[in-house]
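# Fold and contact review
Okay, here's what each chain looks like letter by letter:
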Amino acid sequence: MTTVTDVRAKAGVEPITMLTAYDAPGASLVDGAGVDMVLVGDSMGNAVLGHDSTLPVTVEETLSHTAAVARGVEDALVVADMPFLSFGVEESESVRNAGRMLKEAHADAVKLESGPHTVELTERLVQLGIPVMAHLGLTPQRVNELGGYARQGTSEADAREIVDLARAHEEAGAFSLVLEHVPANLAAHVTDELDIPTIGIGAGPDCDGQVLVFHDVVGLSDWTPPFAKPFGDARAEMARALGDYVEAVESGAFPGDEHSHVEEDLEHLY
Ligand code: KIV
């Protein structure tokens, strides 16, 4: 079993791998591929729940999907992504929601889309024994405030704020930091500044690790962000298999004798 200590120890030593997964078979595939961490991302909103943003994802949905992922994983660290407004409103409610991810869904850690408002909360969660992965740069839960999903940290003030918040979350006890859709030179600088590992997505090659969304990697998404790379064409392969099934049923080719059972002893009844 991978622990947060194992992940921290890899910083600057070996590349760290993380992928999202949302169900047990997907988690088993991702874990079998040898990733260090499986993130039950709130990207489930877009990837599997049919929403056009991550905002509608609920605590109950995250618990259910995280529990399924935890059942499918043998080795990787399971990180549950805290959904929009499940944290940051009231501290006690945030702590309770984060705690449920470990107690009920068997996550090993939680991820918080971070900002100035999550520094104290990170400290509190870590004190209570809930490991926290921070997340800076593009934080999609703020899509309405940001006006879209554009690259972040492109002005001097924004870049400085990201560096300061990265340090503050490290000091607060976060065990790692996701940097999403930020310039590669900013991500390289943050990585140099911190002892905890940075995990990049659209943040260039110099982070300690990389994360992508499952559906983007296997080629299941109908849209992929410019920084993601499909490593397969699962959509085409699934469409072929499903089409072949429909054709086989319609033509009578399926089920064949090898897929059917005849109860010889009861032949006299029919
Ligand atoms: O929800 C998610 O999948 C994420 C990753 C893209 C980092 O937050």
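About the cut-offs
Residues numbered from 1 in each chain as written. Predicted model: local features only at pLDDT ≥ 70, side-chain atom pairs only at ≥ 80, totals over all residues. Heavy atoms only, no water. Helix = DSSP H or I, 4+ residues; strand = E, 2+ residues; numbered from the N terminus. Contact = heavy atoms within 4.5 Å. Near = heavy atom within 4 Å. Polar contact = N/O pair within 3.5 Å; in protein donor to acceptor, adjacent residues only side chain to side chain. Areas by Shrake-Rupley, 256 points an atom, 1.4 Å probe, with all protein chains shown as cover. 1 Å grid on protein atoms, 1.4 Å probe; cavity = no way out; pocket = protein on both sides within 12 Å on 5 of 7 lines; lining within 4 Å. Sits in = over half its atoms within 2 Å of the grid points. Nonpolar A, V, L, I, M, F, W, Y, C, P; charged D, E, K, R; others polar. Buried < 20%, exposed > 50% of the residue type's maximum accessible area, 1.4 Å probe, protein only. Domains from an automatic or database assignment. Axes fitted to C-alpha atoms, helices over the stretch in contact; angles between N-to-C directions. Parallel < 35°, antiparallel > 145°, perpendicular 65-115°, else oblique. Left-handed = near helix turned anticlockwise from the far one by under 90°. Core = buried A, V, L, I, M, F, W, Y, C linked by side-chain atoms within 4.5 Å. Expected span 1.5 Å × (residues − 1). Pairing = 2+ DSSP bridges.

### Some points on the environment of T17
- Structurally, T17 is set in strand β1 (residues 16-20).
- Sequence spacing of T17 and I199 is 182 residues, and the spatial spacing of their C-alpha atoms is 8.2 Å.
- Leave out the neighbours within four places in its chain, and T17 touches G34, V35, D36, M37 and Q210.

### Focus: the site of the ligand
- Around the ligand sit T20, L39, G41, D42, S43, D81, K111, H135, V178, I201 and V213, and those are all the residues in its vicinity.
- In this structure, an oxygen atom belonging to the ligand sits 3.0 Å away from a side-chain N or O atom of K111.
- For the ligand, whose unbound accessible area comes to 260 Å², protein coverage reaches 95%.
- Because more than half of its atoms lie within 2 Å of the grid, the ligand is assigned to the largest pocket.
- Grouping the amino acids of the shell around the ligand by side-chain chemistry returns four nonpolar, four polar and three charged.

### Examining unusual backbone geometry
- For the bond from F254 to P255, the omega torsion is 0°, close enough to zero to count as cis.
- Within the secondary structure layout, P255 lies in the segment after α11 (234-251).
- Its identity is not glycine, yet L85 carries a phi of approximately 65°, on the positive side.
- Position of L85 relative to the elements: it lies in the loop between β3 (77-81) and α5 (91-103).
- Of note, the phi angle at H106 is positive, near 65°, even though the residue is not glycine.
- Summarising the element assignment, H106 is placed in the loop between α5 and β4 (109-113).
- With a relative accessible area of 53%, H106 lands in the exposed category.

### Section: the domain arrangement of the protein
- The domains assigned to the protein are domain 1 (4-232) and domain 2 (240-269).
- Distance between the C-alpha centres of domain 1 and domain 2: 45 Å.

### Quick look at the packing of α5 against helix α6 (residues 119-127)
- Two elements in contact, α5 and α6, have axes separated by 11 Å at closest approach and are oriented at 50°. With respect to α6, the axis of α5 lies oblique. You can see that α5 and α6 cross each other, and the crossing is right-handed. Where α5 abuts α6, its residues E91, S94, V95 and A98 lie against L121, R124 and L125.
- The residue makeup of the contact of α5 with α6, split by class, is four nonpolar, one polar and two charged.

### What about the nonpolar core?
- Core analysis: the largest hydrophobic core is formed by 51 residues, its most contacted members being M37 and L125.
- A134, V182, A187 and C207 belong to the second-largest nonpolar core, a separate cluster that totals 18 residues.

### Details of the packing of helix α8 (residues 156-172) against helix α9 (residues 184-193)
- In the contact formed by α8 and α9, the axes pass within 10 Å of each other and the chain directions differ by 25°. The pairing of α8 with α9 is recorded here as roughly parallel in orientation. The way α8 lies across α9 gives a crossing that is right-handed. Contacts from A159, I162, V163, A166 and R167 in α8 reach L186, H189, V190 and E193 in α9.
- Its residues assigned to classes, the contact of α8 with α9 comprises six nonpolar, one polar and two charged.

### Section: α11
- Helix length check: α11 (18 residues) gives 25 Å between terminal C-alpha atoms against 26 Å at 1.5 Å per residue, within 8%.
- Among the residues trailing α11, G252 stands out with phi positive, at a value near 85°.

### So, the sheet that holds strand β6 (residues 176-180)
- Spatial ordering of the closed barrel is given by β1-β2-β3-β4-β5-β6-β7-β8, a layout of eight strands whose pairing is parallel. Looking at each pair of strands side by side, their axes are set apart by 25° on average, direction ignored.
- As paired strands, β1 and strand β8 (residues 209-212) are joined by four bridges and run parallel to one another. Bridge pairing links T17 to Q210 in β8.
- Relative to the sheet, helix α4 (residues 59-72) contacts β2 (37-40) and β3, its axis offset from that of β3 by approximately 170°.

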